[in-house]
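# Overview (structure and organization)
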Amino acid sequence: MGIRLSPLGIAVFCLLGVGVIYHLYAGVLSSRIASFRHKRTVDLRDLLALSMEAAVQGGREVKRIREDNTLEEKSKGKTKEGASEKLTLGDLNSHRKMFYLIKNTYPYIQVNSEEHANAEGEATVWTRTVPEEILAKISGGKEVPAEKITVWIDPLDATQEYTENLQKYVTTMVCVAVDGDPVIGVIHKPFTGYTAWGFVGEGSNVAPRASYNTKIPKVTVSRSHSGKVKSFVQVAFGNNTEIIPAGGAGYKVLALLDPTDEEQETADIYIHVTYIKKWDICAGDAILRSLGGQMTTLRGEQIDYSGTEGNKGGLLASIKTDHKALVKRLPPWDDNKQ
Ligand SMILES: Nc1ncnc2c1ncn2[C@@H]1O[C@H](COP(=O)(O)O)[C@@H](OP(=O)(O)O)[C@H]1O
Ligand SMILES: [Mg+2]
Ligand SMILES: [Mg+2]
Ligand SMILES: [Mg+2]
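What comes next is a walk through the structure. Quick caveat: nothing in here was measured; it's all calculated off a predicted structure.

## Side note on the side chain of Asn93
Tracing the backbone shows Asn93 in helix H3 (residues 89-105). Setting aside anything within four residues of it in sequence, one finds Asn93 in contact with Glu61, Arg64 and Ile65.

Right, here's the structure in full:
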């Protein structure tokens with residue numbers, strides 16, 4: 001005995017099936033479309049406040065590990081010039097605090113740190129408190145799509161000097177680049193508690209000095225990754241040029257300004273001739289730019305803070321001076337010969 005299927009029954013069954021499938025997938029589809037349409041944005045004033053918080057929290061670890069004398073110093077390898085690239089517990093603990101504070105708050109932002117470590121015990125999220133000094137100078141509503149942002153973190157700048165207990169050179173740094181341009185920079189000194197910040201086109205808490213001698217400039221240079229910087233400077237500005245060797249790229253940028261920090265030497269320009277990474281220089285570049293200064297390669301090119309981590313064009317940083325005229329006084333530079 002066969003079962004007779006009525007055409008009407010089949011039609012109703014098919015319609016029901018389509019209805020069920022539509023019901024199941026409609027939610028998924030509409031949320032996909034909505035997330036595609038609704039791009040995530042970040043208010044840059046919030047990101048400045050978070051960057052400061054990260055630099056301060058990382059700095060606390062840097063100071064604690066130094067005071068407890070538990071550095072657990074290791075070598076990560078050698079630089080191209082053969083100097084040992086040191087790594088301490090200060091670098092790693094500071095990285096954990098800084099990186100996860102930012103990542104836990106904005107998981108969809110690209111954050112590039114010099115160091116790498118697991119998230120063990122780092123569940124902190126930012127309190128969303130914007131300090132008064134930022135509220136007073138910067139207005140809100142500066143929303144930028146998250147995919148345009150790259151954050152660069154140096155959890156401990158001047159590790160070499162940190163291992164030698166030369167505390168004044170040590171900083172923690174955070175930089176926010178938008179479309180590769182440095183826009184926000186924070187440099188914090190864990191041992192004195194001083195913090196400098198700058199937001200290009202918006203404001204800063206640090207000022208340039210009244211004047212700079214660029215005829216016969218005082219030049220600050222690396223003390224532990226110097227390469228041939230001394231002869232480079234002498235060819236450019238003469239054999240009697242005063243050279244100030246100092247540790248840390250953050251410290252050397254602050255030497256060009258007028259920070260209210262006692263533990264700081266001053267200089268007229270900053271020159272670096274060996275390879276350097278973007279987490280070392282982006283924050284200083286942003287702060288200088290926010291004050292009308294410049295940091296470029298030794299050929300006078302802007303540095304792009306997206307993509308890969310390295311800068312092999314060297315560095316020239318200056319403020320309140322004709323930067324292009326300074327570049328012209330430098331000896332010829334070939335990136336590929338370095
Ligand atoms: N030739 C090189 N290769 C790799 N890193 C370099 C470098 N020259 C300088 N740096 C890094 O740039 C920072 C400032 O260097 P200096 O004190 O010599 O001016 C240091 O950062 P870290 O201490 O964060 O590693 C240092 O390691
Ligand atoms: Mg290092
Ligand atoms: Mg560094
Ligand atoms: Mg470092």
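## Things to note about the coordination of the magnesium ion (ligand 4)
Distances from the magnesium ion (ligand 4) to its protein donors, Glu114 (OE), Asp154 (OD) and Leu156 (O), fall within 2.1 to 2.2 Å. Mapping the donors of the magnesium ion (ligand 4) onto the primary sequence gives the spacing E-x39-D-x1-L. If you look at the magnesium ion (ligand 4) and the magnesium ion (ligand 2), they sit 3.7 Å from each other and are both ligated by Glu114. The buried category is assigned to Leu156, whose relative accessible area is 1%.

## Brief notes about the packing of aromatic side chains
This model, assessed by the stated rule, comprises five aromatic pairs. The interplanar angle of 45° and the centroid separation of 6.1 Å between the aromatic rings of Trp152 and Trp279 together place this pair among those described as tilted. Of this pair, Trp152 sits in strand E6 (residues 149-157) while Trp279 sits in helix H8 (residues 278-290); the two residues are 127 residues apart in sequence, bridging distant segments of the chain. Judged by centre distance (5.9 Å) and plane angle (90°), the ring pair of Phe232 and Trp333 falls under edge-to-face. Taken together, the residues span a long stretch of sequence, with Phe232 in helix H6 (residues 229-237) and Trp333 in the segment after helix H9 (323-329) at a distance of 101 residues. For Phe232, a relative accessible area of 10% corresponds to the buried category. Relative accessible area serves as the criterion here: at 10%, Trp333 is assigned to the buried category. The aromatic ring of Tyr162 is capped on one face by Arg66, whose charged end is 6.0 Å from the ring centroid.

## Let's talk about the nonpolar core
Counting 34 residues, the largest nonpolar core has Leu44, Leu47, Leu48, Ile109, Ile149 and Val151 as the members making the most contacts within it. Those elements that place two or more of their residues in this core are helix H2 (44-68), H3, E6, strand E7 (171-178), strand E8 (181-189) and strand E9 (194-199). Considering each element in turn, this core owes the most residues, eight residues, to H2. Ignoring anything within four residues of it in the chain, the contact list for Leu48 reads Ile134, Ile138, Ile184, Val186, Trp197 and Phe199. Judged by nonpolar contacts, the second largest core, of 33 residues, contains Leu256, Ala267, Ile281 and Leu288.

About the thresholds
- The residue count restarts for each chain, going from 1 along the sequence in the order it is written.
- Here chains are named by letter from A upward and ligands by number from 1 upward, in the order in which they appear as written.
- Reporting in this predicted model follows two pLDDT cut-offs: at least 70 for local features of residues, and 80 or more for side-chain atom pairs to be given and counted; totals over whole chains, interfaces and linings ignore these cut-offs and use all residues.
- In computing side-chain properties, one takes all heavy atoms of the structure into account and sets aside hydrogens as well as water.
- Secondary structure follows DSSP: runs of H or I at least 4 residues long count as helices, runs of E at least 2 residues long count as strands, and numbering of each begins at the N terminus.
- Contacts were defined at the residue level, with two residues in contact if any of their heavy atoms lie within 4.5 Å.
- With water excluded from the atoms, a metal site may look incomplete; its donors are any N, O or S atoms within 2.8 Å, or within 3.2 Å for Na, K and Ca.
- For every residue, the accessible area obtained with a 1.4 Å probe (protein chains only) is divided by the maximum for its type, and the residue is called buried under 20%, exposed over 50%, and partly exposed between those limits.
- Put simply, two rings from Phe, Tyr or Trp (the six-membered ring, in Trp's case) pair if the centres are within 6.5 Å, and we call them stacked under 30 degrees between planes, edge-to-face over 60, tilted for the rest.
- Should the NZ of a Lys or the CZ of an Arg lie within 6 Å of a ring centre and within 35 degrees of the ring normal, that charge is described as sitting over the ring.
- The nonpolar core is taken to be a set of buried Ala, Val, Leu, Ile, Met, Phe, Trp, Tyr and Cys residues, with the residues joined through side-chain atoms within 4.5 Å.

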